[in-house]
Amino acid sequence: QVQLVESGGGLVQPGGSLRLSCAASGRIFRVNAMGWYRQAPGKQRELVATITTGGSTNYADSVKGRFTISREIAKNTVYLQMNSLKPEDTAVYYCNAEIRPSMHSGASAYWGQGTQVTVSS
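Residues numbered from 1 in each chain as written. Predicted model: local features only at pLDDT ≥ 70, side-chain atom pairs only at ≥ 80, totals over all residues. Heavy atoms only, no water.

**Things to note about the pairing of strand S4 (residues 30–39)**
One ladder, built from eight bridges, connects S4 with strand S9 (residues 91–100); its direction is antiparallel. Along S9, the bridge assignment pairs glycine 35 with asparagine 96. Strand direction decides the pairing type here: S4 and strand S5 (residues 46–51), joined by five bridges, are antiparallel. Across the sheet, the residue bridging to tyrosine 37 is leucine 47, located in S5. Count of turn residues in the S4/S5 antiparallel hairpin: six residues, of which glycine 42 carries a positive phi of about 75°. (Pairing = 2+ DSSP bridges. Helix = DSSP H or I, 4+ residues; strand = E, 2+ residues; numbered from the N terminus.)

**A word on the nonpolar core**
Counting 30 residues, the largest nonpolar core has Trp36, Leu80, Met82 and Tyr93 as its most contacted members. Those elements that place two or more of their residues in this core are strand S1 (2–7), strand S3 (18–26), S4, S5, strand S7 (67–72), strand S8 (77–82), S9 and strand S11 (115–119). A per-element tally of this core places S9 first, with five residues. Ignoring sequence-local partners within four residues, the contact set of tyrosine 93 consists of Glu6, Leu20, Trp36, Tyr37, Arg38, Val48, Phe67, Leu80, Met82, Gly114, Thr115 and Val117. (Core = buried A, V, L, I, M, F, W, Y, C linked by side-chain atoms within 4.5 Å. Buried < 20%, exposed > 50% of the residue type's maximum accessible area, 1.4 Å probe, protein only. Contact = heavy atoms within 4.5 Å.)

**Points about the state of the cysteines**
Throughout the structure, instances matching the rule amount to one disulfide. Between the sulfur of cysteine 22 and that of cysteine 95 lies a disulfide, 2.1 Å long from S to S. The S-S bond linking cysteine 22 to cysteine 95 shows a torsion near -80°; that makes this disulfide left-handed. A residue pair is termed long-range when its members are at least 10 positions apart, and cysteine 22 in strand S3 and cysteine 95 in strand S9 qualify at 73 residues. Both residues of the pair, cysteine 22 and cysteine 95, count as buried. (Disulfide = S-S within 2.5 Å.)

**Brief notes about the environment of tyrosine 37**
For tyrosine 37, the position within the fold is in strand S4. For tyrosine 37 and valine 48, which are 11 residues apart along the polypeptide, the C-alpha to C-alpha distance reads 4.9 Å. Excluding its chain neighbours within four sequence positions, the residues that come into contact with tyrosine 37 are Arg45, Glu46, Leu47, Val48, Val92, Tyr93, Tyr94, Asn96 and Trp111.

Next up, the structure:
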């Protein structure tokens, strides 16, 4: 079985910073792309940022220049450094990873349980 465990959420004032982490564990043959999504109350889940095994990144326009996604391939871990946080960044942040559990299986998408980020004074 595969698990994604997130950490690093919390309450921060506008203009502050937070760093989220997400580690994949369990039966893993290969981790392909990893990313972060978020869901605010009453809104649909939206993409925040993704990163491939080659290091190519993609960001939502709303976070470009403020958020940075990175990963440690050997640790199956992805990070999201969030700077200059705004109240509209408040949401539950979910980690996502495309994982092959074995060399005989295809890749499937896995999700973490989510971590709350609240930006408020």
